[in-house]
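This is what each chain is made of:
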Amino acid sequence: MNTLVIKSSILSQSSSFQLVTDALEASSETYRIRDLMSQPIPYLTEEVFLGFREETPLSETQQQARRLSDELIEELKTADRIILTLPMYNFDIPAQLKSYFDFIARAGVTFKYTAQGPIGLLPSKPLLVVATRGGRHLGTERDGQSDSVTAFLNFVGLSDQTWVYAEGLSQSELQVKALKEASHSIGAWVKSSELILA
């Protein structure tokens, strides 16, 4: 099974990534990691943006950006399932994840507009989002992640989403319970998606 893990944390060993790798290794699963910190995606610029929209002629910078974008999109297409680790920084998604989203949002490639509204073009497949937070923000105005990430993934066609939250990780009285519950939920998703895809 081809499992793609998208690691968006700035930390080499983050809670979200550790939870995911523990669950996969417990199931003896092999997986591929796209580490957005060690393999940074450039910020979207006017030149890069125009290079995604135009065919020729393209500058060297635009060609490089197009090749990287094609590579990222191909990873998503060929994966059997996807796991996105999502720590919260200052109430929002990591900057490197925003760049990743900018590079996979390609009109005519991963989405298109129709008279009925936008349609995602990526093939739907099981996708797990593991959201870790130091505080407790779910359902409050401080949660700048859940709605925006859900909307983006739906926009490009990745609508088969399961979310697991581990909140309160900076509070000793909540941390152990939150990690235990998240670990159980992630393990259950790994096993259930194996059965679906078998």
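Preceding this section is the structure that the text describes.
Keep in mind it's a predicted model, so treat the numbers as computed, not measured.

Caption draft 1: Geometry of the packing of aromatic side chains. Counted according to the given criterion, the structure contains seven aromatic pairs. Ring centres 5.6 Å apart and planes at 25° place the aromatic pair W163 and Y165 in the stacked group. According to the relative accessible area criterion, Y165 is partly exposed, its value standing at 25%. Three or more aromatic residues link up through ring pairs in this structure, and these residues are Y100, F101 and F152. Stacked on the ring of F17, the Lys or Arg K7 has its end atom at 5.5 Å from the ring centre.

Caption draft 2: Region of interest: the pairing of strand β3 (residues 81-87). Most of β3 is tucked away, with seven of its seven residues classed as buried. Judged by which residues are buried, β3 turns out to be covered on both faces: R81, I83, T85 and P87 on one side and I82, L84 and L86 on the other are all buried. Sheet topology places strand β1 (residues 3-7) next to β3; five bridges connect them, and they run parallel. Each bridged residue has a counterpart across the sheet, and for I6 the counterpart in β3 is L84. Bridge count for β3 against strand β6 (residues 127-132) is six bridges, and the pairing is parallel. Looking across to β6, one finds that I83 is bridged to L128.

Caption draft 3: Examining a nonpolar patch on the surface more closely. The grouping of I10, L11 and M37 at the surface amounts to a nonpolar patch, some 280 Å² of accessible area in total. Secondary-structure assignment places I10 in the loop between β1 and α1 (15-26).

Criteria and cut-off values
- Numbers given to residues run from 1 along each chain, matching the order in which its sequence is written.
- Only residues with pLDDT of 70 or above have their local features reported here, since the model is predicted, and side-chain atom pairs are shown and tallied only from 80 upward, although totals for entire chains, interfaces and linings are computed over all residues.
- Each side-chain value is derived from all of the structure's non-hydrogen atoms; neither hydrogens nor water enter the calculation.
- Here the aromatic set is Phe, Tyr and Trp, taking the six-membered ring for Trp, and pairing holds for ring centres within 6.5 Å; pairs whose planes are under 30 degrees apart are stacked, those over 60 apart are edge-to-face, and all others are tilted.
- For each residue, the accessible area found with a 1.4 Å probe, counting protein chains only, is set against the maximum for its type, and the residue is called buried under 20%, exposed over 50%, and partly exposed in between.
- By definition here, charges over rings are those cases where NZ of Lys or CZ of Arg is within 6 Å of the ring centre and within 35 degrees of the ring normal.
- Helical segments are the DSSP runs of H or I of at least four residues, strand segments are the runs of E of at least two, and each set is numbered from the N terminus.
- Note: two strands are recorded as paired if DSSP finds a minimum of 2 bridges between them.
- Any residue with relative accessible area above 30% and no salt bridge may belong to a patch, with like charges joined within 9 Å and the nonpolar Val, Leu, Ile, Met, Phe, Trp and Tyr side chains within 5 Å.
- Residue burial considers only the protein chains on display, and all accessible areas are found by Shrake-Rupley using a 1.4 Å probe.
- Each reported salt bridge corresponds to a side-chain nitrogen of Lys or Arg within 4 Å of a carboxyl oxygen of Asp or Glu.

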